[in-house]
Amino acid sequence: MTEKEIKLNNGQRLSDVMDEIQPNTILYKTVCGIGATTLELETERNSIIIEPNVPVIKGKEQKYPSMLGVYEGVSTQDIEDYIKGGEEHKKIMTTPESFPKIKRAMINAETNMYQTYFLLYDECDRLISDVNYRSTVTLPTKDFFKFRSKAMVSATPILPSDPRFADSGFEMDRIVPTYDFRQDIEIIQTNNVKTVFRTTLKGLDDADMVCVFYNSTAGIENIITNTGIRDDSYVYCSTESMEKLKSHGFENVSDTLTVTDGYARLEKYNFFTSRFYSAVDIELEYKPVVILLTELYSAPHTMIDPETEAIQIAGRFRNGYKRLVHITNYDKNLEYMTKEEMEKYLDSQYDAFMKIHGLYMETGDEGATDLYRQALKTVDYSRFMTPEYLRDFFMLDNAFREELIKSHYQKRYDIKGAYESTQAFRVSYRYVKAGVSDNDMSQLDRPVSKEAINRLVFKYIQKLVRSRQRFDKELLKEIGDSYHLVMEAYDLLGEKKILETGFKDSDLRAAVEAKKTSNLERSRGVVTAVHNAFNEGQWYSIADINAKLAQIYRTFNIPYSRRGMSGKICIYYETERREHNRRKGYLLKSRLTTT
C-alpha cells in the first residue's frame, strides 16, 4: 500500500490540513483528538460513519443534533424517515451491528447508498482487534468495498492483509506531526498487580480523580470491594456487564458517560472496560490520574496493546491528564508464536482444511457429505474461514496481533520496549516485587481441599510477615480479611503451634478457641479476682473451688466446663492435692504470677 505523508503543526486540527477525507484511503491520524470524525460530520456530503460502540455515537449526537445515531432501539422506519427528511447532507452514525438496518432503510427509500453516500469506518483497528470475540464488528465489510467513496480512519490503524484493499487501490494517508507529540507514561511492572494498584491509590492526593481502564468486570468488582471504595466508585461497561454488576448490588454502573454542559461527570474512582478504550471523548474540567491494569493470571484478556489500546486510552482525555500509569505483571510461562511460526502454522492448517473441503465437494455419498460438513464446522481453523469457505483476513490478522501482544508480557522489560517502539510515549519504568505474587494468589482459586488452601494461606502469611515492604503489609491485611481463621490462628498460636495442630478448619478453630480462653484466664483482671477470692496457705474443697472459679469466669465471660473446673486453680496458685475430713481439695501454697 502506497503512503502519503501530511504534516501537522502543533495546535492544528485535521481540517487545517485537508478539506475532506479522501476516498479509498486509510487515514492514519497518529494523534488522537485532531477531529477526523468532526471533519466528516462537517464535510458537505452524505455520510455513513461506522463507530465501534454506542457511547461514541451518543456523545456525537449531543454535539450534532442534526445527525442520526443508529443503534439498538432505532428502527428501520426511523432511518427511512431521516433519509427522506429535509437535511441537505445526511449524516448517519451507526454501530456495525445496526448497519443492516441502514441497508434496509436505503432500499425502502429507493436510495443507492453505494453511489450517493461516503462510508467511513472509524477506529478501523477494532476490525482486527475485536473480531475474535465480536464477529459482528466486521458485518459492514461485506458492503464496504461496494461503495464508490469509502475510507477508514484511526490514530492506531493495523494494516489489513485483506487483498480487497489493494484491489480497490487503497492508499495510506499518514499524519506526521512536526512537534513532539509523545506522552509521558509510567510503567510499573510487578508480580502483584492489585496490591501495587491499592498502594498507588493511597499515594495519590486527596483531590485526585482516578480513571482506571481494566477489561474485567469481575476484576473491577473485586478491586472495588477489597479496596473499600464502592461509595466513591462508578463503573462504565457494556449493557450486559452492567446488568450483571447490578445483580451483585452495584448501583453506580452505566453503559454511557453522563455529560453536562459539555463535560463528563465522573466520580472519585471510575472504572472503564474495553468498550471505552477508543473513540469516546472524555472531556473534563480537570486532569485525572489514568491507570491501566493488566493481570495475566486471573484475567489474561486484560493485556493492553501499547501500539493501539494504550494510545487510544490516553487520547480519550481531550484536556490531558495528570499521570498515566500502566500496572502490569508478566508470565514467563506465557506461550506465543513469532510471525514466521504463525504463518507456517496457519498455512499448514489451511492446507489441511482445504483437503477436507475438497473431499466434501467431491463425495457423492450422503453420509460422507454430512461427516465432512461437520468436520469443516468443528475444526478450530473454521474460525478463520467465511461461510463461503474463503479466508477471513480480519480473523487471521487478529491471530497475528494476539501473538504479538502476548510477546510483550512474557518477560520483564519487554513491555517497556513495546511502549518505546511505538514512539508515542516517553517511558519511565520500575519493577516492584511483592512477597506474594498474582500467580500465588491464583492458586487459592483452584478446586482443592480447604485444608490445602489453609496450608497455602499459612505459607503466604509467613512470607508477608517477614517482608519489610509497606505494600506487603497491605496484602497481609487483605489475606487476613479473606482468610480470617488462618490469620487469627497465626496471630494467636504462632507458626510452631499451627504446624503441630494441622490445617483442618475444625482443628484450627478448636486451637484458636482454646488459646483465646487461655488468654482470658490469664488476663490481669481475672488473676486479680482469683487471688482476691482465695487465700494463700489455706485448704479449699473441690466444691468450693468450683463455685468460686465458676462465678469469676461468668463475670468475665470466660467459657468453661464444670468437668475439671477445680484443676484450673493450678493456673493461679502453686498447689498440693489434699483430703480434709474425707473431702478432696487443694492446699493453695503461693500465688503464681500469670501473664
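Predicted, not measured: the structure shown is a model, and the values here were computed from it.

Criteria and thresholds
- Residues numbered from 1 in each chain as written.
- Predicted model: local features only at pLDDT ≥ 70, side-chain atom pairs only at ≥ 80, totals over all residues.
- Heavy atoms only, no water.
- Pairing = 2+ DSSP bridges.
- Helix = DSSP H or I, 4+ residues; strand = E, 2+ residues; numbered from the N terminus.
- Axes fitted to C-alpha atoms, helices over the stretch in contact; angles between N-to-C directions.
- Left-handed = near helix turned anticlockwise from the far one by under 90°.
- Contact = heavy atoms within 4.5 Å.
- Nonpolar A, V, L, I, M, F, W, Y, C, P; charged D, E, K, R; others polar.
- Buried < 20%, exposed > 50% of the residue type's maximum accessible area, 1.4 Å probe, protein only.

Draft legend 1. Molecular detail of the pairing of strand β20 (residues 573-580). Alignment of β20 against strand β21 (residues 583-591), held across eight bridges, turns out to be antiparallel. Pairing of Glu-579 across the sheet is with Lys-584, part of β21. Connecting β20 to the antiparallel partner β21 that follows it, the hairpin turn spans two residues, and Asn-581 within it adopts a positive phi of roughly 55°.

Draft legend 2. Spotlight on the packing of helix α13 (residues 339-362) against helix α15 (residues 393-407). One can describe the packing of α13 onto α15 by two numbers: an axis separation of 10 Å at closest approach and a directional angle of 145°. In the packing of α13 onto α15, the handedness of the crossing is right-handed. Touching Lys-339, Met-342, Glu-343 and Leu-346 of α13 are Leu-396, Ala-399, Phe-400 and Glu-403, all from α15. Looking at side-chain class alone, the contact of α13 with α15 contains five nonpolar, no polar and three charged residues.

Draft legend 3. The arrangement of the sheet that holds β20 in detail. Across the sheet, which stays open at both edges, the three strands sit in the order β19-β21-β20 with antiparallel pairing between neighbours. Edge positions in the sheet fall to β19 (538-541) and β20, since each has one partner strand and no second. On average, each strand axis in the sheet is inclined to that of its neighbour by 35°, with strand direction left out of account. By the bridge criterion, four bridges tie β19 to β21 in an arrangement that is antiparallel. From the neighbouring strand, Tyr-540 faces β21, where its bridge partner is Tyr-586.

Draft legend 4. Structural view of the pairing of strand β10 (residues 210-213). Residue alternation in β10 divides its side chains into two sets, Val-210 and Val-212 and Cys-211 and Phe-213, and both sets are buried. One ladder, built from four bridges, connects β10 with strand β16 (residues 289-294); its direction is parallel. Bridging across to β16, Phe-213 finds its partner in Leu-292. As judged from the four bridges shared by β10 and strand β15 (residues 269-272), these two strands associate in the parallel manner. Note on β15: the bridge partner recorded for Phe-213 is Phe-272.

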